[in-house]
Amino acid sequence: MDNNLNATYEACNSFNNKLKDTIMGLIGANNDRKKEFDALKSDHEQLKKDHQAFESSATRENDLRKMKSNLLKKEHKKITKQESRTQPNWKGKLDVENKARIEEIKAIDNWARQENDARKTEIANLDNFAHTENDARKAEIAAIDQFSKAENEGRKSDIAALNQRCDAEQVARDAEDKAINERIEKEIRDRENAVSELQSRMDSQNDDKARELEELRQRMMKENTFLNALATKTMSVYFDAYRNKAYDGGGEENLTFNGSLCNVGSGLDVDSGIFTAPVGGMYFFMFHIATHDNKKALLSIRKNGDEIASIFDQNHKDNHKNSMAGQTIIIDCQRGDEIVVYAYTGTWLTDFPMNHYTHWVGMLLKPNEEEVNMLRKSVEEGVDPCAPAASVENGLE
C-alpha cells in the first residue's frame, strides 16, 4: 500500500512538472515574440526619426540655398544700380556683365533647382522607402500579432485542456487519496484495536504472572523456611547423661542417671532414665560402662520394652579386675517411642564424682518423612519451626 501511494504521488509530481515546463515554455515563446515585436517597433521608430531628420536637413539646406540666391540677386541689383549711377558710360559693359551675372545666377538657380529637385526626389524616394518599410514592418507586425494571437489561443486551448485534465486528475487523485485515507484509517483503527486487545491480554497475563510470581515467592519463602528448618533441626535432638556414683541396685530396672552434659530437645528424663523421642527419625545411641573388683555387668538397650542391643562385661584377674564395655546402635524411632538402658540382676557399675565412666548418649541423625511433612505443614501454616523451644541443661548445647 505504501509503494502504491508513493508511486501515485510520484506520478502526480511528474505530471505537474511536465505541465509547469510546458507553461514556462509558452511564456518563454511569448516573451521571445514580444522581444521581436519590440525590436521591430524600435527599428521603425529609428527609421522614422532618420527620415524626419533627413527631411529637416534637406529643407534647411534648400532654404539656405534660396536665401543665398536671394542675397546674390540683391547684391547684384545693388552693384548694378551703383555702377549705373557712378559709371553711366560703362552701361554697355555693365549690361554685358549684368547679363553674364544674370546667366550665372540663372545657371546657379537652375543648378539649385535641380539640386532641390534631386533632393526632393531623394526625399520622396526615402519617404516611399520608409513608407514601404513601414508598411512591410506593419504587415510583419500584424502577421506576428496574428501568429501570437493564434499561438496564444492555441496555448489557451492547451492550457484549458491541461487544466481540465489536471482537474480530472485532481478529482481522481482526491478519490484515490480518500480511498487510501479510509483504508489507512481502517488499518489504524484495526491496529489500535489489535494493540488495545493485545495490551489487555498482556495486562491480564502480567497480572497472572505477577500473581504466579507472588505465589512462587511465597512458596520459595516457605520452601526456604522449610529448608532452613531442615538444616537447623536435623541435629536438634541430642543428649549425654552420666552417673557420678557406682550402681549396685541389684538390677531388673531401668538405669537412672545423676545428670546430663546436654539435653537438647528435652527428650531424656534423667531421674527415670527414659528417653522419649520428641521427633521421629533415625537416632544414634551409644552407651559406655566400667566394672571393678571382679564385678559383672549385663545391660540392654530397649525400645518400647523390646530389647535392641545388649552389653555384657565380666572382669577377672587377667585384666586387673577392671574393664570397660560399650554399645553403639542406630535405630528408627517414631515420635513418642521410649528408649531406656535396662540393668539385669547382678549388674554393678563403677563411677566416681570426678570421673564419669558411665555415659548414655543419643542423637537424632535425620528426621523421618512424617516429621518432614509435619515441618512443611507448620511452615505452610505460617509457624516458624526454627523458633527456640528446647532448653539446654547446664547451659550446654
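Given the structure is predicted, the values throughout are model-derived calculations rather than measurements.

Caption draft 1: Quick look at the pairing of strand E11 (residues 359–367). As defined by bridge partners, strand E1 (residues 238–242) adjoins E11 across five bridges and the pair is classed as antiparallel. Counterpart to Tyr238 in the pairing with E11 is Met363. As judged from the eight bridges shared by strand E6 (residues 281–292) and E11, these two strands associate in the antiparallel manner. Paired with Met282 across the bridge in E11 is Lys366.

Caption draft 2: Structural context of the layout of surface pockets. The calculated volume of the second largest pocket comes to roughly 220 Å³. In terms of lining, the second largest pocket is formed by 13 residues, of which the most central are Leu26, Asn30, Glu151, Asn152 and Arg155. Listing elements by their share of the lining of the second largest pocket, those giving two or more residues are helix H1 (2–86) and helix H2 (91–233). Tallying contributions element by element places H2 first for the lining of the second largest pocket, with seven residues.

Caption draft 3: Layout of the pattern of salt bridges. Applying the stated criterion across every chain, the model contains 14 salt bridges. Between Glu187 and Arg191 there is a salt bridge, and its shortest N-O distance comes to 3.9 Å. Taken as a pair, Glu187 and Arg191 lie in helix H2 at a separation of four residues, close to a single helical turn. Residue Glu187 is classed as partly exposed on the basis of its relative accessible area, which comes to 35%. Given the relative accessible area of 56%, Arg191 is considered exposed. Here Glu214 and Arg217 are joined by a salt bridge, their closest N and O atoms 2.6 Å apart. Note that Glu214 and Arg217 are positioned in helix H2 at a spacing of three residues, about one turn of the helix. On the basis of relative accessible area, Arg217 is assigned to the partly exposed category, the value being 39%.

Conventions we followed
- Residues numbered from 1 in each chain as written.
- Predicted model: local features only at pLDDT ≥ 70, side-chain atom pairs only at ≥ 80, totals over all residues.
- Heavy atoms only, no water.
- Pairing = 2+ DSSP bridges.
- Helix = DSSP H or I, 4+ residues; strand = E, 2+ residues; numbered from the N terminus.
- 1 Å grid on protein atoms, 1.4 Å probe; cavity = no way out; pocket = protein on both sides within 12 Å on 5 of 7 lines; lining within 4 Å.
- Points joined across faces, edges and corners; volume = space filled by probe spheres on them.
- Salt bridge = Lys/Arg side-chain N within 4 Å of Asp/Glu carboxyl O.
- Buried < 20%, exposed > 50% of the residue type's maximum accessible area, 1.4 Å probe, protein only.

These results come straight from atomic positions and should not be treated as a statement about function.
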